[in-house]
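A look at the structure
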Amino acid sequence: MESHNGEADDLPPPPPLAAGVEPLKADETKAPLKLRSPVQRNGFGRKGQQIKLITNHFKVSLMNAADYFYHYYVNLKYEDDTPVDCKGSGRKVIEKLQQTYAVEHENKDFAYDGEKSLFTIGALPQVKKEFTVVVDDVSTGKTPANGSPGNDSPPGSDRKRIRRSYDYNTKTYKVELSFAAKIPMSAISQALRGQESEHTQEAIRVIDIILRQHSAKQGCLLVRQSFFHNNPSNFVDLGGGVVGCRGFHSSFRATQSGLSLNIDVSTTMIVKPGPVIDFLLANQEVSDPSMIDWAKAKRALKNLRIKTSPANQEQKIVGLSDRPCREQLFTLKHKNGNGDSEVITVFDYFVKNRGIELQYSGDLPCIIVGKPKRPTYFPVELCSLLPLQRYTKALRTLQRSSLVEKSRQKPQERMSVLYDVLQRSNYDAEPMLKACGITIARSFTEVDGRVLQPPKLKAGNGEDIFTRNGRWNFNNKRLIRASSVEKWAVVNFSARCNVRDLVRDLIKCGGMKGIMVEAPFDVFDENSSMRRSPAVGRVEDMFEQVKTKLPGAPKFLLCVLAERKNSDIYGPWKKKCLAEFGIVTQCVAPTRVNDQYLTNVLLKINAKLGGMNSLLQIETSPAIPLVSKVPTIILGMDVSHGSPGYSDVPSIAAVVSSREWPLISKYRASVRTQPKMEMINSLFNPRETEDDGLIRECLIDFYTSSGKRKPDQVIIFRDGVSESQFNQVLNIELLQIIEACKFLDEKWNPKFTLIIAQKNHHTKFFIPGKPDNVPPGTVVDNKVCHPRNFDFYMCSHAGMIGTTRPTHYHILHDEIGFNPDDLQELVHSLSYVYQRSTTAISVVAPICYAHLAATQVGRFIKFDEMSETSSSHGGHSSAGSAPVQELPRLHERVRSSMFFC
């Protein structure tokens, strides 16, 4: 899910071409395709009540705009010319290079990104091909630890000998620096005047790298643009050997009011430091080492760094021995100088030769460090995990909820933490920032916000719904379009629940909301013999019961599950109902059944069966500026990447589209799998005379549901792309959508508006002197917004817990011609049409629906546990490499329903 953080620097590979499509070749004679660029802001919004806010941006002033950053490409090699693959040694080598060759480099400071790029202010006087650098070796596993049993223990493995051995303590590197580019600092000051050049992002990236280096020198863990100190007061135990670590994010942003430093609180997961055995017991939730699953342990430990005692050496784990410590043999070379050696067990070596008592490691595998071909073995109890190592596997449900709960901060608390971070981080002392003439203000930036009026809602019988603080209810009101629940049955998968009472209450509550709920045909309880069977078998067995006892196919099935979250029956059950049989279904796992619970369940059932719970008044009268006058389709697009740590699970792309124009509250969804990448590759997918893409399905459904009208306006909301990918959405995805339209009808030219919604950014708003979150409907389009592009921040929902996170909307393309007020009002209204709840939500409903549809249909496919074996750093498989598993298509009876509600 990395690029959801809005901070990805490198672009993903372009989407693979569809089968049978020739790649476009550059043709000299044709004019080049004109690339689209984001539209410019066309004014500011005026509607709403003024509100004074402050934000976590700190003004930056820049003095030396006349200088240049010089970018050098770094090539690191060992003495024997093999490339350095070891991440993490780079910073030490470059630091030593800077010290050793200070005079040759005129004492210039370096900004190094830890990998291949190094920057200086002004050119280096001489870049010779190669510098030799000698660094004190923090063991990289090249040489075994002092006297530890390795197949290549040096003769005479006693400590004094090794301490004296020059080779052991130092390592020689060769560093090549080659000139890559020259970046004018003036690009930053130009950007602030709204004249972005191609160097702007580059120049800002350099000062971001200076910040990263400043934190790296203080021993922080760096995760993209966030920094984590090894300070136990920032740790919260999440269970399972995982610790939530609180740090902070900081990045420079070009804004309307100049350059600002955006600082925010940030959380990452780290492995619990300390004895390896404690981590394994906690991670597998067992009480005794004899119960550990060592295959699982091997996956969890691979690549983690440990300290081994008694020599206090740092090592990297490469694996576990196949045999227990008592039986694992290795060759020990004797120190008599005659090259004599003996074969001895690891256990005997430590106990007899080193006189170290081993309490419990004898029967457990050894930890292997060094090179897999020349392993060095350590008993588990002599190994301790080093602090600040990222945990990159998927979190369990309980760990996730614990992380969310423990990292919440009320606005006031967050403000004071951020203020402290800025005072403590002491950026003014960073020599490179000084050399750039950069100073950072110590106070939050003030911005002007506006609070929009909530849209008016309609319920059944023409009644108005009044919203208060972004919330409303259906007490004593009927739904505006109530469906009826008929020809239905209940299935109960061994949940301890009084199903008869639940049905009775559902019928009664439905009646009050205007939903006619008939008595169900039957309640099917799971055969007790099936309870321990695999999920797919349990679902099959249940369907056999339903098929044999019902007179015909049911129109609706209520499914009662025992677990609230992550029931393994959920995916196979949904697949069976939606893909195979075309039956609308609602899953419940009731704990406390009251009116509120039943109403929420009925809202979802009503929407799934084709009803509507409430509508906007401007939909019913149709009076939505620009949208109600001309047939308009609204699309929501999202790609969900599954959990981190599972690299070969495909991504899932979903497009939801509005139907029954002039409504903007009714949607349907299409979903496809694709390789792990952010760009959607199945929007337009021509196969000879047919287009099997996502967009065609949406357009045809709009046409049939909107009185045979083609949409002449297409509004696209796209979620989850970072700024570095805007041009791809604009020039690849939008182009595919236009091609899908042309494929349907060559002569049809709809107008397009393309809007990106971002949640993963770090801008927050606060009300000065008040402990509350900003009110729902708050919009900001000045000061901290882009100097030239058309963007705004909106908090449409009431933040009940923690600090409200605004959604950042970027309008990349607008042929429809919205003015800022109309567009902000439309976005605000689309936060009130979400049929699953009686609250305004934080991002427009079509995007929420796309997210729900991708998640739900994604659970149709059972992805095996083996995915977890991908290295502990969730690797991304290269796009288009292996063919991805296709999703079953939804049955035509439910294809256009709001099944995702």
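Notes on the structure in this doc start here. Because the structure is predicted, anything quoted here is derived from the model rather than measured.

1. Comments concerning the overall build of the chain
Helices and strands together make up the secondary structure of the chain, namely 20 helices and 42 strands. The buried share of the chain, taken over its 901 residues, is 55%. Sequence-distant contacts, at least 24 apart, represent 73% of the contacts inside the chain between residues at least 6 apart. Accessible surface computed for the chain: about 40100 Å², of which carbon and sulfur atoms make up 50%.

2. What to know about the packing of helix α6 (residues 276-283) against helix α7 (residues 294-301)
The contact between α6 and α7 brings their axes to 11 Å, and the two run at 115 degrees. Two packed elements cross with a definite hand, and for α6 against α7 that hand is right-handed. For the pair formed by α6 and α7, the contact residues are V276, F279, L280 and N283 on the first element and W294, A297, A300 and L301 on the second. Of the residues that constitute the contact of α6 with α7, the class distribution is 7 nonpolar, 1 polar and no charged.

3. Notes on the packing of aromatic side chains
Under the criterion given, the structure shown has 22 aromatic pairs. Taking 5.5 Å as the distance between ring centres and 55 degrees as the angle between the ring planes, the aromatic pair formed by F227 and F248 counts as tilted. In this pair, F227 sits in strand β9 (residues 226-228) while F248 sits in strand β11 (residues 242-255), placing the two residues 21 residues apart along the sequence. Pair check on accessibility: F227 and F248 agree, each one buried. Aromatic ring contacts, followed pair by pair, group Y667, Y834, Y849, F899 and F900 into a single cluster. Over the face of the ring belonging to Y68 we find K182, whose NZ or CZ atom lies 4.4 Å from the ring centre. Stacked on the ring of F543, the Lys or Arg K576 has its end atom at 6.0 Å from the ring centre.

4. Considering the sheet that holds strand β20 (residues 383-385)
The strand order across the open sheet formed by 6 strands is β13-β20-β14-β15-β18-β19, and the pairing between neighbours is antiparallel. The strands lining the two open edges of the sheet, one partner per strand, are β13 (274-275) and β19 (374-378). Pairing between strand β14 (residues 305-308) and strand β15 (residues 313-324): 4 bridges, direction antiparallel. Within the sheet, the bridge partner assigned to I306 lies in β15 and is Q315.

5. Section: the packing of helix α17 (residues 694-705) against helix α18 (residues 726-744)
At a closest axis distance of 9 Å, the pairing of α17 and α18 adopts a crossing angle of 55 degrees. With respect to their mutual orientation, α17 and α18 come out oblique. The interaxial crossing formed by α17 with α18 has right-handed handedness. For the pair α17 and α18, contact is made by I695, R696, L699 and I700 and by I737, A740, C741, F743 and L744, respectively.

6. Thoughts on helix α15 (residues 595-608)
Over its 14 residues, α15 runs 20 Å from end to end, which matches the ideal 20 Å to within 8%, given 1.5 Å per residue. Along α15, the residues classified as buried are L598, T599, V601, L602, L603, I605, N606, A607 and K608. Structurally, α15 contributes buried residues whose contacts are with β25 (484-485), α12 (499-513), β27 (516-517), β29 (556-560), α14 (570-581) and β30 (584-588). Directly after α15, the chain includes G610, whose backbone phi takes a positive value near 100 degrees.

7. So, the environment of S670
Mapped onto the elements, S670 comes out in strand β34 (residues 667-674). Look at S670 and you get buried, because its relative accessible area is 2%. It is 8.4 Å that separates the C-alpha atoms of S670 and A653, two residues lying 17 residues apart in sequence. The contacts of S670, once residues within four sequence positions are left out, are A653, A654, V655, L694 and E697. Polar side-chain contacts of S670 include one of 2.5 Å to the side chain of E697.

8. Describing the pattern of salt bridges
This structure, assessed with the given rule, holds 42 salt bridges. Between R326 and D363 there is a salt bridge, with the nearest N and O atoms lying 3.0 Å from each other. With R326 in the loop between β15 and β16 (329-333) and D363 in the loop between α8 (346-353) and β18 (365-371), the pair connects residues that are 37 residues apart, well separated along the chain. The exposure class assigned to R326 is partly exposed, which follows from its relative accessible area of 43%. The partner of R718 in a salt bridge is E733, with the nearest N and O atoms 2.8 Å apart. Of this pair, R718 sits in strand β37 (residues 713-719) while E733 sits in helix α18, and the two are 15 residues apart along the sequence. The pair R718 / E733 is uniform in exposure class, with both members buried.

9. Observations regarding a positive patch on the surface
Residues K92, K298, K302, R305, K316 and K371 make up a contiguous surface patch of positive charge. Within the secondary structure layout, K316 lies in strand β15.

10. Here we look at the sheet that holds strand β6 (residues 131-136)
Pairing between the strands of a sheet comes from backbone hydrogen bonds, and it takes one of two forms, parallel or antiparallel. Here 5 strands make up an open sheet; going across it, the order is β4-β5-β3-β7-β6 and the pairing antiparallel. What marks the edges here is a single partner per strand, and that holds for β4 (111-112) and β6. Against the sheet, helix α1 (residues 89-100) makes contact with β3 (68-78), β4, β5 (117-121), β6 and β7 (170-184), and its axis sits at roughly 115 degrees relative to β6, the strand it touches most.

11. Considering the nonpolar core
One recurring pattern in soluble globular proteins is that nonpolar side chains are buried together. Counting residues in hydrophobic clusters, the biggest one holds 84 residues, and the most contacted among them are I664, I715, F717, Y809, L830, Y849 and F900. The element that contributes the greatest number of residues to this core is helix α20 (residues 845-858), accounting for 9 residues. If we ignore the near neighbours within four places in the chain, the residues touching F900 are Y667, R668, A669, R836, Y849, L852, A853 and Q856. Ranked by size, the runner-up nonpolar core spans 43 residues in total, among them M269, Y377, F378 and L403.

What counts as what
Residues numbered from 1 in each chain as written. Predicted model: local features only at pLDDT ≥ 70, side-chain atom pairs only at ≥ 80, totals over all residues. Heavy atoms only, no water. Helix = DSSP H or I, 4+ residues; strand = E, 2+ residues; numbered from the N terminus. Buried < 20%, exposed > 50% of the residue type's maximum accessible area, 1.4 Å probe, protein only. Contact = heavy atoms within 4.5 Å. Areas by Shrake-Rupley, 256 points an atom, 1.4 Å probe, with all protein chains shown as cover. Axes fitted to C-alpha atoms, helices over the stretch in contact; angles between N-to-C directions. Left-handed = near helix turned anticlockwise from the far one by under 90°. Nonpolar A, V, L, I, M, F, W, Y, C, P; charged D, E, K, R; others polar. Phe/Tyr/Trp six-rings, centres within 6.5 Å; stacked < 30°, edge-to-face > 60°. Lys NZ or Arg CZ within 6 Å of the ring centre and 35° of its normal. Pairing = 2+ DSSP bridges. Parallel < 35°, antiparallel > 145°, perpendicular 65-115°, else oblique. Expected span 1.5 Å × (residues − 1). Polar contact = N/O pair within 3.5 Å; in protein donor to acceptor, adjacent residues only side chain to side chain. Salt bridge = Lys/Arg side-chain N within 4 Å of Asp/Glu carboxyl O. Patch = residues over 30% accessible without salt bridge, like charges linked within 9 Å, V, L, I, M, F, W, Y side chains within 5 Å. Lys, Arg positive; Asp, Glu negative; His and termini not counted. Charge placed at Lys NZ, Arg CZ, Asp CG, Glu CD. Core = buried A, V, L, I, M, F, W, Y, C linked by side-chain atoms within 4.5 Å.

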